[in-house]
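A structural walkthrough
Chain residues, written in single-letter form:
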Amino acid sequence: MLSNGACEPLRLCLGAGTRPLEGYVNCDLYPHAGIDCAFDLMAPWPFKDHSVSEIYASHVLEHLPKYDAFFREAWRVLEDGGRCRIRVPEGNSRSAWSDPSHLRPWYPESFGFLQPDYVATTHNLQFEDCPTPFEITRCGVVVARWVLDILRWRWLYYLVQPWLHRIPDAFHELIVDIRALKSEKSLRDYHTRRTFNAIYVCYFAWEHDWNHQITGPNTGGYVMLDVGHKGKVVGAA
């Protein structure tokens with residue numbers, strides 16, 4: 001049991017900063033009010049193997065020089081099938097580079113190296129011995145408010161959608177859900193469900209953007225709407 005009373009399996013909020021989440025072990029590089037555990041994400045994390053069921057990392061990955069160290073430690077501490085949600089600026093948005101501490105852009109394809117079939121698909125031997133396989137269960141692309149008026153019309157959606165990734169600032173951020181594959185059964189199940197290195201990408205909008213409101217509710221997580229299904233509420237970020 002940690003000092004904040006949390007018991008295994010743990011739920012980690014990494015890079016919590018000044019917005020710690022209730023029900024999580026809130027972690028950051030810098031000690032601060034509400035931070036339960038301060039440590040460097042590129043060094044070994046102070047948690048046991050297989051002791052974590054869920055990780056939430058919002059706008060952290062783009063600041064890390066050693067992104068591979070992050071995924072290696074995340075895989076180590078997660079239980080088999082444990083889930084990790086990552087939020088980063090989308091690579092073509094201004095926010096990807098507006099912060100001078102951001103080190104690289106991230107796109108949906110950037111996470112492909114985590115999956116077991118990456119080398120077979122890309123022939124990139126750099127990741128041949130990657131010992132920390134994940135499954136990308138979903139990659140949500142959050143579209144900008146100005147794009148919504150186009151995507152509300154079904155015929156325009158199918159006409160414009162293939163070209164959106166070429167338009168600067170059409171997307172705001174990525175919300176990527178990955179699942180740790182730590183057993184032979186998990187790996188077998190993955191190969192029965194997936195074809196090559198497929199990544200399921202879907203488009204989302206914040207509810208306040210969809211409803212033409214100025215700001216969203218200050219709840220620590222916004223409801224997302226599936227743009228491709230006429231504003232169907234599908235989850236929370």
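Scoring rules and cut-offs
- Position numbers for residues count from 1 along each chain, tracking the sequence in the order it is written.
- A pLDDT threshold of at least 70 governs which residues receive local features in this predicted model, and a stricter bar of 80 or more applies before side-chain atom pairs are shown or counted, although totals over entire chains, interfaces and linings include all residues.
- Working from all heavy atoms in the structure, the side-chain values ignore hydrogens and water.
- The term nonpolar core refers to a set of buried residues drawn from Ala, Val, Leu, Ile, Met, Phe, Trp, Tyr and Cys, joined through side-chain atoms within 4.5 Å.
- Only protein chains enter the accessibility calculation, which uses a 1.4 Å probe; a residue is then buried when its area is under 20% of its type maximum, exposed when over 50%, and partly exposed in between.
- Helix and strand assignments come from DSSP, with helices taken as H or I runs of at least 4 residues and strands as E runs of at least 2, each series counted from the N terminus.
- Contact definition: two residues touch when any of their heavy atoms are within 4.5 Å.
- Any two strands between which DSSP finds at least two bridges are classified as paired.
- Like charges within 9 Å and nonpolar side chains (Val, Leu, Ile, Met, Phe, Trp, Tyr) within 5 Å are joined into patches, using only residues over 30% in relative accessible area that form no salt bridge.
- For every accessible area listed, the method is Shrake-Rupley and the probe measures 1.4 Å; residues are considered covered only by the protein chains on display.
- Criterion for a salt bridge: a side-chain nitrogen of Lys or Arg within 4 Å of a carboxyl oxygen of Asp or Glu.

**As for the nonpolar core**
Formed by 55 residues in total, the largest nonpolar core has its most connected members in W45, F71 and F111. Looking at this core, the element that brings in the most residues is helix α1 (residues 67–77), giving six residues. Sequence-distant contacts of F71, defined by excluding residues within four places in its chain, comprise L61, I86, W106, F111, F113, L114, T132, F134 and I178. If you look at the next biggest cluster of nonpolar residues, it comprises six residues, including C13, L21, Y24 and I35.

**Side note on the pairing of strand β2 (residues 25–28)**
Residues V25 and C27 line one face of β2 and the alternating positions N26 and D28 line the opposite face, and both faces are buried. Here strand β1 (residues 10–14) pairs with β2 via three bridges, running parallel. Within the sheet, the bridge partner assigned to C13 lies in β2 and is N26. Judged from the two bridges that link them, β2 and strand β3 (residues 37–38) form a sheet pairing that is parallel. Within β3, the position partnered with C27 by the bridge is C37.

**Examining a nonpolar patch on the surface**
Taken together, the side chains of W153, W155 and L159 present a nonpolar region at the surface, about 420 Å² in accessible area. Inspection of the secondary structure assignment puts L159 in helix α5 (residues 154–160). On the accessibility criterion, L159 (52% relative accessible area) is exposed.

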